[in-house]
2 protein chains.
Amino acid sequence: MAADPMYRRIAEDLRSKIEAGELARGAQLPTEIELRDQYDASRNTIRDAIKWLATNGLVETRPGQGTFVVVRLDPFITTLSADPETGLGGGEGDAAFAEVRDRGRSPSASEARVEVQAARGNVALRLRVPEGTQVISRRQERFIDGTPWSLQTSFYPMTLVASGAHRLLDATNIPGGSVAYLRHALDIVQVGYRDSVVVRTPDHDESTFFKLPDDGRIPVISLMRTGYQASDAGPTPFRVMITVLPADRNQLVINSGDVPGTPAAAVRP
Amino acid sequence: MAADPMYRRIAEDLRSKIEAGELARGAQLPTEIELRDQYDASRNTIRDAIKWLATNGLVETRPGQGTFVVVRLDPFITTLSADPETGLGGGEGDAAFAEVRDRGRSPSASEARVEVQAARGNVALRLRVPEGTQVISRRQERFIDGTPWSLQTSFYPMTLVASGAHRLLDATNIPGGSVAYLRHALDIVQVGYRDSVVVRTPDHDESTFFKLPDDGRIPVISLMRTGYQASDAGPTPFRVMITVLPADRNQLVINSGDVPGTPAAAVRP
DNA sequence: GCAAATTTGTTCGTATGTATT
DNA sequence: CAATACATACGAACAAATTTG
């Protein structure tokens, strides 16, 4: 008779009540004991139903408080394509901040945390240096209206510092952005960039910073940007930037050719 | 005493064995009974540990068979930016197929499933038509080397058919793509497009087609492309295309300015 | 093709721990 | 401190899916 197990039927029932608005955003569900009586099941079965709703991102449980319908965060939009007027790459330092302010929201960022590291894996591959080569890593935490928004880490070969770009080692933000700084200091011009977008589960650091549940329910969007300068051998990489964005509060937009001047609307899920 | 609960410690132990290669990709874990004896815990606690590994994408359980270390699918890369030579939008019909073949893999697609629907939500908003306006929906299922790769649905206002684009109603694939067809048939030229990228949990249809676990562990990347034609009032939308890609086997690439001619390498997780 | 064995899935009951109010 | 609510852990039984003999 019962095609689906009981916990799934209970979960579906609760889901429909949430989607019908019967249980509002942020509202508290009945307690496990109350649900046990309502559905005439054991508390463990109710917990299975709630667990299913939780892994599907519909509710969240808070020990000692109860189970609540999740409130969807107001999504923020990052435009990846370069601004045709400024030529600035989307999602980077000042360009990203300007986009946030354009939408009437308030961005902020931590000071840069600077480290010298050995290049590994994706970074070494994209900077075209051997594994273990010394690189500068500059990491910044960003917020919108106070909520954690992105983790951005940029990597530069140490050779740039030897050539005179000493400010890359400053643990302060570089006004105007490092791309502009490298243009002025070393005449390195970013002629193009390539973004690779991957969706994955957050690591422990990321879960902590973004306050994501540590069970990997909410994925992050990892955006790796390789910046190129011109050379006789064609475009040559000089920087790699990795931006990590929680998927529950971020959308990406890419423009190509002629598009309306009005900003892109958020996609409603 | 125990900082972490037992099920987490067991999960972490198994995780380290997986990451150390002690448990190979695709290998079967010991059965729940064996693990119960190994860790001296109850079967339910073992199951909690396995469930944690499963929601974190490290293992998958198959009823009647056992629990297995997941094998990561060879990721496929879709380039969203327009090809500077052909001007063709990335990820669309022929362009997408060419990219797959370039990488030595074999694409295939179902015939288009055509329906006439009432425009709703995002589609109505982006086509700039009132909710309920009749639109044509053309849906296609795509595969790479036999595994489900993407679900693509395009929406066109019915007025295009009235103007003479009758083939939009044919339940067959339009050779060269519908953008080229509309250019020839109605002189509608796509002067630009805007992509919106959202990550979300799959719906039931998508879970079925992509053979994803129905608990929402693996998200999908939803790519909504609005195509614009020129008009006196600026770029005007004439089509919306929604491509849904499972996040566990897809990466996106966006090029801007001068980048190397060599294809982008996959990001290693 | 069928039956048995194996393995995971569901559901109950119970007890105790931990976080919050 | 007490009450409330969720978290962890144990044990047990039967169901369902799959493989094997």
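Remember, predicted model here, so these are calculated numbers, not experimental data. (Residues numbered from 1 in each chain as written. Chains lettered and ligands numbered in written order. Predicted model: local features only at pLDDT ≥ 70, side-chain atom pairs only at ≥ 80, totals over all residues. Heavy atoms only, no water.)

Draft legend 1. Layout of helix α1 (residues 6-19) of chain A. Residue and element names in this part refer to chain A. For α1, built from 14 residues, the straight-helix expectation of 20 Å at 1.5 Å per residue is met to within 8% by its first-to-last C-alpha distance of 20 Å. Along α1, the residues that are buried comprise Arg8, Ile10, Ala11, Leu14 and Ile18. Along the long axis of α1, the arc covered by the buried residues comes to 160°, so they all point the same way. Check the buried side of α1 and you find it contacts α2 (32-39), α3 (43-55), β1 (59-62) and β2 (66-69). Note on α1: the residue one or two positions beyond its end, Gly21, has a positive phi of about 85°. (Helix = DSSP H or I, 4+ residues; strand = E, 2+ residues; numbered from the N terminus. Expected span 1.5 Å × (residues − 1). Buried < 20%, exposed > 50% of the residue type's maximum accessible area, 1.4 Å probe, protein only. Arc of directions from axis to C-beta. Contact = heavy atoms within 4.5 Å.)

Draft legend 2. Region of the structure containing the side chain of A:Gln152. Tracing the sequence through the fold places A:Gln152 in strand β7 (residues 147-157). A polar contact of 2.8 Å, which involves the side chain of A:Gln152, links it to the side chain of A:Arg142. (Polar contact = N/O pair within 3.5 Å; in protein donor to acceptor, adjacent residues only side chain to side chain.)

Draft legend 3. Fine view of the protein's contact with DNA strand C. Contacts to DNA strand C come from 22 residues, most closely from A:Met6, A:Asn44, A:Thr45, B:Arg43 and B:Arg47. Near-protein atoms of DNA strand C (within 4 Å) split between backbone and bases, with sugar and phosphate holding 66%. Between DNA strand C and B:Arg43 there is a distance of 2.8 Å, counted from a base nitrogen to a side-chain nitrogen or oxygen. For DNA strand C, a phosphate oxygen lies 2.9 Å from a polar atom in the side chain of B:Arg47. Looking at the surface near DNA strand C, the elements that each hand over two or more residues are α1 and α3 of chain A together with α3 (43-55), β1 (59-62) and β2 (66-69) of chain B. When grouped by side-chain class, the residues that make up the surface near DNA strand C number six nonpolar, eleven polar and five charged. (Near = heavy atom within 4 Å. Nonpolar A, V, L, I, M, F, W, Y, C, P; charged D, E, K, R; others polar.)

Draft legend 4. Looking closely at the relation of the copies chain A and chain B. Taken as rigid bodies, chain A and chain B are interconverted by a rotation of 180° and an axial shift of 0.1 Å, the fit giving an RMSD of 0.2 Å. Both chain copies can therefore be described as sitting about a two-fold axis. Residue A:Arg217 of chain A places its C-alpha closer to the rotation axis than any other residue of that unit, at 3.3 Å. Both copies contact each other with a shared surface, as 100% of the interface residues of chain A are interface residues in chain B too. (Least-squares fit on C-alpha atoms with pLDDT ≥ 70 in both.)

Draft legend 5. Structural detail: the pairing of strand β11 (residues 250-257) of chain A. Burial of β11(A) is extensive: six of the eight residues sit out of reach of the surface. Pairing analysis gives four bridges linking strand β3 (residues 76-79) of chain A to β11(A), with the strands arranged parallel. From the neighbouring strand, A:Thr78 faces β11(A), where its bridge partner is A:Leu252. Both β11(A) and strand β8 (residues 190-200) of chain B contribute to a ladder of six bridges, which runs antiparallel. Residue pairing in the sheet places A:Asn255 in a bridge with B:Arg194 of β8(B). (Pairing = 2+ DSSP bridges.)

Draft legend 6. Just the side chain of B:Arg142, in detail. Residue and element names in this part refer to chain B. Relative to the elements of secondary structure, Arg142 occurs in strand β6 (residues 134-144). Of the residues examined, Arg142 reaches a relative accessible area of 2% and is grouped as buried. Side-chain polar atoms of Arg142 contact the side chain of Gln140, separated by 3.4 Å.

Draft legend 7. Representation of the domain arrangement of chain A. Examined at the domain level, chain A breaks down into domain 1 (6-69) and domain 2 (76-253). When each unit is reduced to the centre of its C-alpha atoms, the spacing between domain 1 of chain A and domain 2 of chain A is 40 Å. (Domains from an automatic or database assignment.)

Draft legend 8. Spatial organisation of the packing of aromatic side chains. Residue and element names in this part refer to chain B. Summed over the entire model, instances satisfying the criterion amount to six aromatic pairs over all chains. With 5.5 Å between their ring centres and 80° between their planes, Phe76 and Trp149 make a pair best called edge-to-face. Taken together, the residues span a long stretch of sequence, with Phe76 in strand β3 (residues 76-79) and Trp149 in strand β7 (residues 147-157) at a distance of 73 residues. Classification of Phe76 as buried rests on a relative accessible area of 3%. (Phe/Tyr/Trp six-rings, centres within 6.5 Å; stacked < 30°, edge-to-face > 60°.)

Draft legend 9. Structural context of the interface of chain A and chain B. Facing 47 residues of chain A, the contacting portion of chain B comprises 48 residues. Taking both sides of the interface into account, the surface hidden between chain A and chain B amounts to around 4200 Å²; carbon and sulfur atoms contribute 52%. Linking chain A with chain B are zero salt bridges, by the criterion used here. At the boundary of chain A with chain B, the tally comes to 20 residue pairs in polar contact (both at pLDDT 80 or more). Of all elements in the fold, only α3, α5 (121-127), β8 (190-200), β9 (220-229) and β11 of chain A reach the threshold of two or more residues within the side of chain A that touches chain B. Looking at the side of chain A that touches chain B element by element, the count peaks at nine residues for β8(A). (Buried area = accessible area lost by both parts, 1.4 Å probe. Salt bridge = Lys/Arg side-chain N within 4 Å of Asp/Glu carboxyl O.)

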